[in-house]
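Commentary on secondary and tertiary structure
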Amino acid sequence: AVGSDGTGSKMAARSLRGIFAVYKPPAAHWRSVRHTVETSLLHDLNASECSLPHDQIRFLPTTSQGVNGTETNLTVAQLPALANHPRVRGPKFVGLRIGAGHRLDWRSSGVFVLAVGSGNKQLSYLQDCHLTKEYTVHGSFGTATEDFSDTGRLIEKTTYDHITLDRLERIIAVIQGSHQKALITYSGIDLKSQAAYELACRGMLRPLHKSPPIITGIRCSQFFLPNFTLEVQCVHETQQYLRKIIHEIGLELKSSAVCTSVRRTRDGVFTLDDALIRTDWKLQQISSAVQRSQPRVAAALREDSWRHTAHSGTAIPERCPSPHRGRALTGHSPGLQFHS
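Residues numbered from 1 in each chain as written. Predicted model: local features only at pLDDT ≥ 70, side-chain atom pairs only at ≥ 80, totals over all residues. Heavy atoms only, no water.

With that settled, the discussion passes to the environment of Arg103. Mapping Arg103 onto the fold places it in the loop between strand S4 (98–100) and strand S5 (109–116). Under the relative-accessibility criterion, Arg103 is labelled partly exposed at 41%. Sequence spacing of Arg103 and Lys24 is 79 residues, and the spatial spacing of their C-alpha atoms is 10.0 Å. In contact with Arg103, other than residues within four places in its own chain, are Trp30, Phe112, Gln239 and Arg264. There is a polar contact of 3.0 Å between the side chain of Arg103 and the backbone oxygen of Gly101. (Helix = DSSP H or I, 4+ residues; strand = E, 2+ residues; numbered from the N terminus. Buried < 20%, exposed > 50% of the residue type's maximum accessible area, 1.4 Å probe, protein only. Contact = heavy atoms within 4.5 Å. Polar contact = N/O pair within 3.5 Å; in protein donor to acceptor, adjacent residues only side chain to side chain.)

Below is the structure:
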């Protein structure tokens, strides 16, 4: 319920302090998505600001015919005070501080994280955690274009009948192996240390700081020539980089390939189930999404603090079974496998 002093809209605005995710459709700029969300929230907040005008006591002059002629008297009247009427003072909420997480380019779709108010600082901390993201990437063999997408200018056509799933999976294994070595390098931790084992056990072996794009997991989920689908887990990537990976896979298979679509299915702690579709970009749904995300965001920040403790070399609480004596940690640790 909204009180006559507009306390309901103030409470609604306070409930928006946090992080949430929306589903960005393809062929839409991320700035346009953010603007649409902000416009919808402002509309709902101002609509809830329906405080009634207060009455005020006024002394109004009245005239009457008396014994001595026309007389002027003051009559007490109760009239509404219009100074605070929405049509006089304008909307109460004219702008919101909405921050954007990892961007999605114009062609891509999927999970797009936004923050409101004080959630912007939390979003900055969350991005410093360098959490992985997951994508579903569709490709097609037989053609090559300038920008690696199926809508780019055609460069060449090639045959693809010789490509098999086994050959494709061998190329994928090589890609994952090379990127796992890069992950270990940029994690900034001794591979043979107990801290490295603890981090790998918890799936927290990731770059300590900003790094080049790293693929931490990749697998083929569908293969029907000429089309195929890859599930990719990565960090510090761009969507154009993923399109280039499709192009390079085609070259390695003595053919060519273009990317037909890129969809982000997870961004850190946010999945497709958390992403609000266009019809849910409203005050009540977004406020609920902010409240639901708070425990997971707080847990991710605590885990990252634990990860930095491991890097600092201090004692790490026991969370995994101890490795066998003399057993060195290899690149094929649980933390480096693709989460299916």
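Counting buried residues in strand S1 (residues 18–24) gives six out of seven residues, a clear majority hidden from the surface. By the bridge criterion, seven bridges tie S1 to S5 in an arrangement that is antiparallel. Across the sheet, residue Lys24 finds its bridge partner in S5, namely Gly110. (Pairing = 2+ DSSP bridges.)

Here the focus is the packing of helix H5 (residues 165–187) against helix H7 (residues 239–252). Viewed as axis vectors pointing N to C, H5 and H7 meet at an angle of 130 degrees, and their least axial separation amounts to 10 Å. By the angle class used here, H5 and H7 are oblique. By crossing handedness, the relation of H5 to H7 is classed as right-handed. Contacts between H5 and H7 involve Leu168, Ile171, Ile175 and His179 from the first element and Tyr241, Ile245, Ile249 and Glu252 from the second. Residues belonging to the contact of H5 with H7 are distributed by class as follows: six nonpolar, one polar and one charged. (Axes fitted to C-alpha atoms, helices over the stretch in contact; angles between N-to-C directions. Parallel < 35°, antiparallel > 145°, perpendicular 65-115°, else oblique. Left-handed = near helix turned anticlockwise from the far one by under 90°. Nonpolar A, V, L, I, M, F, W, Y, C, P; charged D, E, K, R; others polar.)

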